[in-house]
Amino acid sequence: MSSPDLFEREYETIKKCQELLAQKVFPDKTSAKHYQDLLHHYKKLFSQLRHLVKISDIQQKELSHLNHHLVQLSQYDPLTGVPNRRYFEEELDREWRRHQRLSLPLSLIMIDIDHFKLYNDLYGHSAGDDCLRKVAQTLAVAVNRPSDLVARFGGEEFICVLPQTTYKGACAVGQRILEMIRLLDIPHKDSQVAQHVSISLGIATLPHPTSEHDLQDIVGAADQCLYLAKGSGRNRFESICL
Amino acid sequence: MENLIIEATKSAPSIILNAETRIFVISGESYPENAAKFYKPVIDWINNFFDQQSSEPVTVNITLHYFNSSSSKVLMDIFDILDTAHSNGTPVTVNWRHHAENDTAFECGEEFKEEIEQIDFNIVEFLDEEP
């Protein structure tokens, strides 16, 4: 069985016209000629239509492709391939409202690569970019639930939102991230913390968000914990359950 | 016969129809608000041009990076006129020019080419940013 044709009705019309001509239903040659000419014209316009539809399809496919590309550009960090801060903030805002409405535990992790400036100074910016890529990809793997999101927050800072995650769960993720970065074992001779690239983390959990809370409460708390982790020797996490 | 020159705008192409050199050029982007209205003087001019009795060859160079469906329809109608002129003894060559990286313009050129019966329709690729 042949597949249905988009222009079945048009083909049917042409077929009927041709049948009428073949049956010689026209009383004289002049009318038959007129009819033949009209049919010829119809076929020409129909052919135009088919190609116009095809051209339109080609262009719409291209536009849809471009649109998809622009969405990617606006949501992802080109260097590391993880979502960018803009996308993260949109997602966080959405999650925040959902968690607030349902009073679900929400956790945030702020991540900073230790002594990244020294790394860049020693190994160069290209190696620095490689390091950012590897760390970003490792974070993306470490945070493995579909709803979890890792984004590049800026410079050598990353942020991670863990929806419906308790304080205990968030600390377990933090510990796993630390471990995985350690296992990456990217040499960092000038690091004053370890022989390899390490990170510091600030973890904050809001177990029961209510309308009394503000999103900045948890963002500020995670930031504060990151600051503490860096102040107390780096290559570690500090955490708070609000 | 006077040449027809229309300057390009953001949504309409540059049009240069030269009666002396018998070279027609359409280039830019084409999504005018009313394609039938925009192209009417072009179609009128081309019809008048072929009414003059001359069978010297005509070359049409088209470089359109982007065009809307109404413009496609007008282009089909222009190709029809050119096809008829060609059948009547004036050789017509159309060069559909597209940037090497513009696959869409290339594919659209192929569709136009399929629709043409008589005239020589070449799909020409260019590399740099020449107009």
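We now turn to the structure provided with this report.

Cut-offs used in this document
- Residues numbered from 1 in each chain as written.
- Chains lettered and ligands numbered in written order.
- Predicted model: local features only at pLDDT ≥ 70, side-chain atom pairs only at ≥ 80, totals over all residues.
- Heavy atoms only, no water.
- Helix = DSSP H or I, 4+ residues; strand = E, 2+ residues; numbered from the N terminus.
- Expected span 1.5 Å × (residues − 1).
- Buried < 20%, exposed > 50% of the residue type's maximum accessible area, 1.4 Å probe, protein only.
- Contact = heavy atoms within 4.5 Å.
- Buried area = accessible area lost by both parts, 1.4 Å probe.
- Salt bridge = Lys/Arg side-chain N within 4 Å of Asp/Glu carboxyl O.
- Polar contact = N/O pair within 3.5 Å; in protein donor to acceptor, adjacent residues only side chain to side chain.
- Nonpolar A, V, L, I, M, F, W, Y, C, P; charged D, E, K, R; others polar.
- Phe/Tyr/Trp six-rings, centres within 6.5 Å; stacked < 30°, edge-to-face > 60°.
- Lys NZ or Arg CZ within 6 Å of the ring centre and 35° of its normal.
- Pairing = 2+ DSSP bridges.
- Axes fitted to C-alpha atoms, helices over the stretch in contact; angles between N-to-C directions.

**With respect to helix α2 (residues 69-87) of chain B**
All names here are of chain B.
In step 1: The end-to-end C-alpha distance of α2, which contains 19 residues, comes to 27 Å, matching closely the 27 Å that a straight helix rising 1.5 Å per residue would cover.
In step 2: Here α2 has its buried residues at Ser71, Ser72, Val74, Leu75, Met76, Ile78, Phe79, Ile81, Leu82, Asp83 and Ala85.
In step 3: Just past α2, the residue glycine 89 takes up positive phi, approximately 110°.

**Remarks on the interface of chain A and chain B**
In step 1: Contacts between the two partners involve 13 residues from chain A and, on the opposite side, 16 residues from chain B.
In step 2: Across the interface of chain A and chain B, roughly 1,400 Å² is buried in total on both sides, 53% from carbon and sulfur atoms.
In step 3: Summed over the three residues of chain A that lose the most area to chain B, namely Gln48, His51 and Gln59 of chain A, the buried surface amounts to 38% of that side.
In step 4: At the surface where chain A touches chain B, the tally comes to four salt bridges.
In step 5: Glutamate 111 of chain B is paired through a salt bridge with lysine 54 of chain A; the nearest N and O atoms lie 3.2 Å apart.
In step 6: The interface formed by chain A and chain B contains 10 residue pairs in polar contact (both at pLDDT 80 or more).
In step 7: Grouping the amino acids of the side of chain A that touches chain B by side-chain chemistry returns five nonpolar, five polar and three charged.

**Focus: the environment of glutamine 52 of chain B**
In step 1: Checked against the element boundaries, glutamine 52 of chain B lands in the loop between α1 (35-51) and β4 (58-67).
In step 2: Each C-alpha atom of the pair glutamine 52 of chain B and asparagine 3 of chain B lies 14 Å from the other, and the pair is 49 residues apart in sequence.

**As for the packing of aromatic side chains**
For any pair of aromatic rings, the description rests on two quantities: the centre-to-centre distance and the angle between the ring planes.
In step 1: Scanning the model with the defined rule gives 20 aromatic pairs over all chains in all.
In step 2: Aromatic pair tryptophan 96 of chain B and phenylalanine 121 of chain B: ring centres 6.4 Å apart, planes at 25°, arrangement stacked. Taken as a pair, tryptophan 96 of chain B in strand β5 (residues 92-99) and phenylalanine 121 of chain B in strand β6 (residues 120-126) lie far apart in primary sequence, 25 residues in all.
In step 3: In this structure, arginine 50 of chain A packs its charged tip against the face of phenylalanine 46 of chain A, placed 5.4 Å from the ring centre.

**Points about the sheet that holds strand β2 (residues 14-18) of chain B**
Residue and element names in this part refer to chain B.
In step 1: Strand order in the open sheet formed by six strands is β1-β2-β3-β4-β5-β6, and the pairing between neighbours is mixed. Among the strands making up the open sheet, the edge pair consists of β1 (4-6) and β6. In this sheet, neighbouring strand axes are inclined to one another by 15° on average, regardless of whether the strands run parallel or antiparallel.
In step 2: Across eight bridges, strand β3 (residues 23-30) lies against β4 in parallel orientation. For isoleucine 26, the partnering residue across the bridge sits in β4 and is isoleucine 62.
In step 3: Here α2 sits on the sheet in contact with β3, β4, β5 and β6, set at roughly 170° to β4.

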